Structures are given as structure tokens and as C-alpha cells.
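Now for the letters of each chain:
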Amino acid sequence: MKAVFTKILVVFFVTISLINAQNNLAYNLKVGDQFKVKQVANQDIVQDMNGQKHIMKNLLEGDFSFVVEDVNDSLYGLKFKFDRFKMLSSSNRIGEIMSINTNDTVTDDDIEGKIFSQLVSVNLTMTMYKNGKIKSIEGSDELISKMVNAVGALDELTKEVMRESMKGEFSNESLAMSFEQMTYIYPNETIAIGDTWKNNFEGELSSKNTWTLNSITHDGVNITGESSVIFKNTDADVEMNLNGDMSSNLTTSPETGFVKTMTTSSTVKGNSIMHNMDDLEVPTTIISNVTYKTEKHVQ
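The text that follows walks through the structure, step by step, so that each part is easy to find. These numbers come from a predicted model, not from an experiment.

Procedures and definitions
Residues numbered from 1 in each chain as written. Predicted model: local features only at pLDDT ≥ 70, side-chain atom pairs only at ≥ 80, totals over all residues. Heavy atoms only, no water. Helix = DSSP H or I, 4+ residues; strand = E, 2+ residues; numbered from the N terminus. Contact = heavy atoms within 4.5 Å. Areas by Shrake-Rupley, 256 points an atom, 1.4 Å probe, with all protein chains shown as cover. Lys, Arg positive; Asp, Glu negative; His and termini not counted. Charge placed at Lys NZ, Arg CZ, Asp CG, Glu CD. Phe/Tyr/Trp six-rings, centres within 6.5 Å; stacked < 30°, edge-to-face > 60°. Buried < 20%, exposed > 50% of the residue type's maximum accessible area, 1.4 Å probe, protein only. Arc of directions from axis to C-beta. Salt bridge = Lys/Arg side-chain N within 4 Å of Asp/Glu carboxyl O. Polar contact = N/O pair within 3.5 Å; in protein donor to acceptor, adjacent residues only side chain to side chain. Axes fitted to C-alpha atoms, helices over the stretch in contact; angles between N-to-C directions. Parallel < 35°, antiparallel > 145°, perpendicular 65-115°, else oblique. Left-handed = near helix turned anticlockwise from the far one by under 90°. Expected span 1.5 Å × (residues − 1).

### A look at the overall build of the chain
Here's step 1: For the chain, the count of helices and strands is five helices and 12 strands.
Here's step 2: In terms of overall dimensions, the chain has a C-alpha envelope of 85 × 50 × 30 Å along the principal axes.
Here's step 3: Partitioning the intrachain contacts of the chain with sequence separation of at least 6 by distance along the chain shows that 58% fall at a separation of at least 24.
Here's step 4: Counting every atom, the chain has about 16,200 Å² of accessible surface; 52% of that belongs to carbon and sulfur.
Here's step 5: Across the chain, the mean location of the 27 positive side-chain charges is 9 Å away from that of the 40 negative side-chain charges.

Structure (C-alpha cells):
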């Protein structure tokens, strides 16, 4: 009986120690580490125009490869590239809007296909802090130039307009803010299971995030996040000002700190201002669900 009681006490104190242990959550990468990540994003955009529902559905898929090339005390240098890009966009009013898949053969008259086929042709470099904050990305100028030149013979004015338009999605700064939503997840201080910490995402989809460490096992580190979100997008025709919430659930590798799986779900609501319709305000809701999965890790 005494032996059983002693075992129970040992288990109890080990459990308490694990719960109260301070953990230094961070990336722990080595030169030569390789990761292949698959992203799938589904987005529904619903606009109410004079009682009529306009529904757009977007499907985005992307495969990315990351290779660690440099490691120092505070930063990682990674080479990364798009391996595959797919986007399907449709509307309940006009049907298919866009269909792109870089795995497909591009025909001579497929201008969009020619542009986006260049996504998989350029290596980019990323410098990242050990908490996942991205210091910089380089290489997008070459990427954008290839995308513009893929169209064929264009006058310089048209090329410049295209370059400026593409910078909104593919500039060094835009790519950094986009990828941070997958990488920037760790705190700057040691924490225990149950503790929370905060950080912010910037960009068109900006957010204030509160993260919670739920568990640590040999299989993974589980973290959840709750965020208040602001979505702002402005162009010549439409301006969107939307607010809402986002929930995240992710598991990272205890060995490398890299995301193994991650899901995010968000709903934002507000108005779209239609500048080409006398600044008509249109109630708008965007529902997004995004998943990331690391398909491969090779050292």
C-alpha cells in the first residue's frame, strides 16, 4: 500500500513540475534543415447590394520549400520558393473569374497563366528572428520583373503600372507580412503551460494576437490564438474597411520549432465603398479558413 502511495506522489509531483516548468519556445533550426509546407485557403466574400447577395468564393493553394542556409545567435537565413500556386475564383453572378494552376501547361493566349507561372521560377531569401518575426525578405524585384516580362511586348508605362499593382501582393514587405502569419508565433520570454503572450500582425490583414501554450509532448507543442482583426484594402474602384475575430490552432515540432500543422478561421464584417458607384457603401462579410501542413522535414 505504501509503495502504491509513493508512486502516486511521484506521478503527482512530476505532473506539477511539468505544468510549472518554464519553457523557452523558439525556433531551433540547423543549417541544411529543409521544410515543405502546403497551404490551403478557402474564402467566401458576401456582399449585400440592395437586397441581392453577391457571393465570391476563392480557393488558394500553395506549396513552399524552405532551406536553412545560415544560423547565428539571433537570426536564421532561409532560402525559400513557391513550388506550386493554384487559385480559383468564382461568383454567383458571373461564374468563373480566375483559374490558375502553375502545374498546368500554359497556352499562348493565357496571360494570367504566363504571369503566375513565374512564381515558381525564383528563389527568395528570408531573414527571421528566433521568435518567428521576419526581419526581411529579398528577391521580389526579380520575381515581379519576371511576372511582368512574361506577358510579352508591352510599353514601359503599362509595365510600370503592372509592377506597382503586383507590389501589393509580392513586394518584399508584403511577402514578409504574409509569411509572418505562419511563422511569428513565439514569445520573447520563457513561459509555462497555461501562460499567454501577445504580438501583432501587420498588413492588409492586421491583428492583435493573444497566444496560449496548451501542452508540450514528444509529438508536438500545442498553441492556440485568439485575435482581433482589421482588414483594409484600397484600390481605385473599391475600398474595404472590415473588422472581426480570428482563431488559430497549431502544433509545432518540439525539435525544430517549425509548424507541423496550423489552422486559422476568421470572420470580418463592415462596408465596401464602391468608388465607381458614387461611393455606395455595401455591407460585406469575409469568412476565411486557412490550413498549413509541413509535408516534409529533411536534415
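### Concerning the packing of aromatic side chains
Here's step 1: Under the counting rule described, the total for this entry stands at 14 aromatic pairs.
Here's step 2: Seen in terms of ring centroids, F66 and F80 are 5.6 Å apart; in terms of plane orientation they differ by 20°. Their pairing is stacked. Residue F66 is found in strand β2 (residues 52-71), and its partner F80 is found in strand β3 (residues 75-91); the two are separated by 14 residues along the sequence. The burial state of F66 is the same as that of F80; both residues are buried.

### A look at helix α3 (residues 140-149)
Here's step 1: Those residues of α3 not exposed but buried are S140, L143, I144, M147 and V148. The arc that holds every buried residue of α3, seen down its axis, measures 130°, which confines them to one face.
Here's step 2: Here the buried face of α3 lies against α2 (111-117), β5 (124-129), β6 (134-138), α4 (156-170) and α5 (172-183).

### Points about the pattern of salt bridges
Here's step 1: Per the counting criterion, the structure on display carries 10 salt bridges.
Here's step 2: Ionic pairing is found between D63 and R84, a salt bridge with its closest N-O pair at 2.9 Å. Residue D63 is located in strand β2, and its partner R84 is located in strand β3; the two are separated by 21 residues in the primary sequence.
Here's step 3: A salt bridge links E160 to R163, with the shortest nitrogen-to-oxygen separation between them at 3.4 Å. Placement of the pair is E160 and R163 together in helix α4, with a separation of three residues, close to one helical turn.
Here's step 4: Connected via shared salt-bridge partners are K36, K81 and D83.

### Some details on the side chain of E180
Here's step 1: Within the secondary structure, E180 is located in helix α5.
Here's step 2: Separated by 3.0 Å, the side chain of E180 and the backbone nitrogen of I134 make a polar contact.
Here's step 3: With sequence-adjacent residues up to four places away left out, E180 is seen in contact with G132, K133, I134 and F201.

### Side note on the environment of K130
Here's step 1: Considering the arrangement of structural elements, one finds K130 in the loop between β5 and β6.
Here's step 2: Setting aside residues up to four positions removed in sequence, K130 forms contacts with A26, Y27, N72, D73, S74, Y76 and Y186.
Here's step 3: Separated by 3.5 Å, the side chain of K130 and the backbone oxygen of N72 make a polar contact.

### Points about the packing of α3 against α4
Here's step 1: Orientation of α3 relative to α4, taken along the N-to-C sense of each, is 130°, at an axis distance of 10 Å. In terms of axis orientation, α3 runs oblique to α4. As for the relative orientation of α3 and α4, their crossing is right-handed in sense. Contacts between α3 and α4 pair S140, L143, I144, S145, M147, V148 and N149 from the former with K159, M162, R163, M166, K167 and F170 from the latter.

### Quick word on unusual backbone geometry
It is generally the case that most residues other than glycine have a negative phi and that most peptide bonds are trans.
Here's step 1: Notably, D278 is not glycine yet its phi reads approximately 55°, a positive angle.
Here's step 2: Overall, D278 belongs to the exposed group, its relative accessible area being 76%.
Here's step 3: You will see that D279, though not glycine, has its phi angle at about 55°, which is positive.
Here's step 4: Examined against the element boundaries, D279 turns out to sit in the loop between β11 (259-274) and β12 (280-298).

### Side note on α4
Given 3.6 residues per helical turn, the α-helix brings residues three or four places apart onto the same face.
Here's step 1: Taking 1.5 Å of rise per residue, 15 residues should cover 21 Å, and α4 covers 20 Å from first to last C-alpha, within 8% of that figure.
Here's step 2: Along α4, the residues classified as buried are K159, M162, M166 and F170. Along the axis of α4, the buried residues cluster in a sector spanning 65°; they form a single face. Of the exposed residues in α4, those oriented more than 90 degrees away from the buried face are L157, V161 and S165.
Here's step 3: The inward-facing, buried residues of α4 contact α2, α3 and α5.

Read these as spatial facts, not as claims about activity.
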